[in-house]
Amino acid sequence: MKDKLPPQAIEMEQAVLGAILLEKEALQDIESLLVPDDFYAPAHIEIYKAILALRHNNHPVDMLTVTEELSRTGKLDGCGGAFYISTLTSMVASASHLQYHALIVKEKADARRLIQLASGLLRDIYTAGNDFYEVREQFEQQFTSLLTASGTQGRVIPLSEALNNAVRHAAHIEELKKSGQLIAIPTGIDALDKALDGGWRSPELIVLAGRPSMGKTQFALWFAKAAAAHKKNVLFTSIEMDERQLAGRYILEDDRIRQSHFRGGEMDAEEWAALHETVSGLWHLPIQIASDHKAGQLSNIKAQARRLKRRGELDLLMIDYLTMIRTGGQYFEKRYLEVGHITLELKNLAKELGIPIILLAQLNRLPAGQPNRKPVMSDLRESGNIEQDADIILFLHKPDFYTADACDNDGVPWKGRGMLIVAKQREGERSLTLVYNHDTRYKKIW
């Protein structure tokens with residue numbers, strides 16, 4: 001293997017450069033596809049850099065201007081001189097096949113990157129002291145980047161293009177809306193869909209927070225089922241509960257099944273019939289559950305998400321919950337620094353994969369003797385980092401959990417009701433309080 005040349009297509013590289021030198025409009029057809037490092041021959045890398053420099057400075061691109069630019073930067077002789085530049089235009093008759101040739105150049109470049117990535121993986125695995133999960137996570141990230149972005153460098157675009165993209169996106173959303181298609185992932189709660197302009201959108205990081213026993217997991221299961229019912233693929237990562245417990249939560253939504261009977265092995269024939277009916281209704285929902293001992297490892301969460309996304313099997317990621325996520329061998333002097341690292345990594349993952357991520361978080365307990373009150377941002381543990389990275393923050397609050405006979409301002413009891421507070425929404429209305437209903441067992445939400 002060491003004696004083999006890396007994948008390359010020198011003649012195609014020459015054809016691409018020749019076409020650009022022949023026709024002044026040719027560059028715009030492949031400028032966003034190829035970067036200098038996509039070329040294999042060092043001379044071709046420098047020639048393409050010179051072409052891009054001329055383009056950036058709004059200078060014409062042809063054989064003479066490219067020769068002059070290379071001479072100005074002292075790279076002309078290393079590229080074969082003016083004679084070699086002139087021969088490139090003889091490689092093609094026109095730019096009619098430019099994109100096809102450019103794709104071949106890109107394909108060979110990606111093949112070289114993949115070989116380099118695999119070689120680096122072997123080296124890192126054999127290197128003593130390297131953490132396996134960290135090595136695997138880095139490989140997953142680099143491999144996914146290679147597949148989704150074709151190894152290109154970060155884009156810098158003018159405002160005019162960004163505005164054009166925004167207008168096109170708005171028009172596309174309107175077309176979807178008029179045709180009855182989804183413009184976001186439904187939450188399963190109409191009032192919340194309205195507050196969020198349709199539901200969950202990519203690449204949002206949504207934090208669902210509440211004090212203990214407020215029903216965070218039940219809400220998360222509700223959101224997952226609502227998304228799956230609309231044929232959206234969901235990965236539910238549970239660090240606190242295993243897959244049997246989560247499935248049991250879904251089964252117990254059916255109020256014909258008594259929780260004590262289900263868990264105590266005392267179900268009668270009617271309960272078994274209700275169970276089979278409930279299970280058959282849930283059976284085909286595209287929800288996958290990660291709940292083994294690796295579920296809480298940040299690197300593993302990201303690796304699983306990337307694998308599912310590559311297979312086209314991930315539209316929404318749910319993580320239950322933040323406090324239990326582990327960062328492996330990394331050391332942080334303060335917990336808030338680790339939390340900040342986790343939320344930033346998850347926000348970047350949402351952008352990388354183009355999906356919304358719902359992250360459950362625990363609120364600080366109220367000090368003993370303090371009157372019951374609605375949650376506020378400062379109740380979030382290590383709230384500064386969470387508030388900064390999250391696009392949406394939702395708070396759950398059940399007044400009757402603290403005071404059995406609690407009533408709202410109109411004197412209506414809070415029993416069987418709760419608050420869902422939209423505390424932050426980066427691109428929408430905030431400080432909204434929605435009232436939801438739940439059954440006495442807190443297994444159903446509406």
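Here, every reference points to the structure presented above.
Calculation criteria
- Residues numbered from 1 in each chain as written.
- Predicted model: local features only at pLDDT ≥ 70, side-chain atom pairs only at ≥ 80, totals over all residues.
- Heavy atoms only, no water.
- Helix = DSSP H or I, 4+ residues; strand = E, 2+ residues; numbered from the N terminus.
- Rg over C-alpha atoms; globule rule 2.2 N^0.38 Å.
- Buried < 20%, exposed > 50% of the residue type's maximum accessible area, 1.4 Å probe, protein only.
- Contact = heavy atoms within 4.5 Å.
- Lys, Arg positive; Asp, Glu negative; His and termini not counted.
- Charge placed at Lys NZ, Arg CZ, Asp CG, Glu CD.
- Phe/Tyr/Trp six-rings, centres within 6.5 Å; stacked < 30°, edge-to-face > 60°.
- Lys NZ or Arg CZ within 6 Å of the ring centre and 35° of its normal.
- Pairing = 2+ DSSP bridges.
- Expected span 1.5 Å × (residues − 1).
- Arc of directions from axis to C-beta.
- Polar contact = N/O pair within 3.5 Å; in protein donor to acceptor, adjacent residues only side chain to side chain.
- Axes fitted to C-alpha atoms, helices over the stretch in contact; angles between N-to-C directions.
- Parallel < 35°, antiparallel > 145°, perpendicular 65-115°, else oblique.
- Nonpolar A, V, L, I, M, F, W, Y, C, P; charged D, E, K, R; others polar.

Draft legend 1. Structural detail: the overall build of the chain. Along the backbone of the chain there are 17 helices and eight strands. Compactness check: the chain gives a C-alpha radius of gyration of 28 Å against a globular reference of 22 Å for 446 residues, more than 25% above the reference. The proportion of buried residues among the 446 residues of the chain is 45%. A separation of at least 24 residues holds for 67% of the contacts in the chain among residues at least 6 apart in sequence. For the chain, the distance from the average site of its 54 positive side-chain charges to the average site of its 59 negative ones is 3 Å.

Draft legend 2. Region of the structure containing the packing of aromatic side chains. What the rule picks out here adds up to four aromatic pairs. For the ring pair phenylalanine 39 and tyrosine 48, a centre distance of 5.0 Å and an interplane angle of 45° mean the geometry is tilted. Overall, the relative accessible area of 0% leaves tyrosine 48 in the buried class. Within the aromatic cluster, the residues linked to one another by ring pairs are Trp200, Phe219, Phe223 and Tyr436. Here the basic side chain of arginine 417 rests over the ring of tryptophan 414, its NZ or CZ set 4.4 Å away from the ring centre.

Draft legend 3. Representation of the pairing of strand S2 (residues 234-238) in the model. Burial within S2 is extensive, with five of its five residues counted as buried. Alternating residues of S2 divide into Val234, Phe236 and Ser238 and Leu235 and Thr237, and every residue in both groups is buried. Inspection of the sheet shows S2 paired to strand S3 (residues 287-290) by four bridges, in the parallel sense. Among the inter-strand pairings, valine 234 is bridged to a residue of S3, identified as isoleucine 287. Pairing of S2 with strand S4 (residues 316-320) involves five bridges; the strand directions are parallel. Of the residues in S4, the one forming a bridge with serine 238 is aspartate 320.

Draft legend 4. Representation of helix H13 (residues 269-282). An ideal rise of 1.5 Å per residue puts 20 Å on 14 residues; H13 measures up with 20 Å between its terminal C-alpha atoms. Taken together, the buried positions of H13 are occupied by Glu271, Ala274, Leu275 and Thr278. The arc that holds every buried residue of H13, seen down its axis, measures 105°, which confines them to one face. Exposed side of H13, more than 90 degrees from the buried face: Ala269 and His276 are the residues found there. Close packing links the buried residues of H13 with helix H11 (243-251) and helix H12 (259-264). The N-cap residue of H13 is aspartate 268: its side-chain oxygen and the backbone nitrogen of glutamate 270 are 3.2 Å apart.

Draft legend 5. Expanded view of the packing of helix H14 (residues 298-310) against helix H15 (residues 335-353). It is at 11 Å that the axes of H14 and H15 come closest, and there the two elements cross at 5°. By the angle between their axes, H14 is roughly parallel relative to H15. In this structure, H14 contributes Leu298, Lys302, Ala305, Arg306 and Lys309 to the contact, and H15 contributes His341, Ile342, Glu345, Leu346, Leu349, Glu352 and Leu353. Residues of the contact of H14 with H15, tallied by class, amount to six nonpolar, one polar and five charged.

Function cannot be read off these values alone, since they describe shape.
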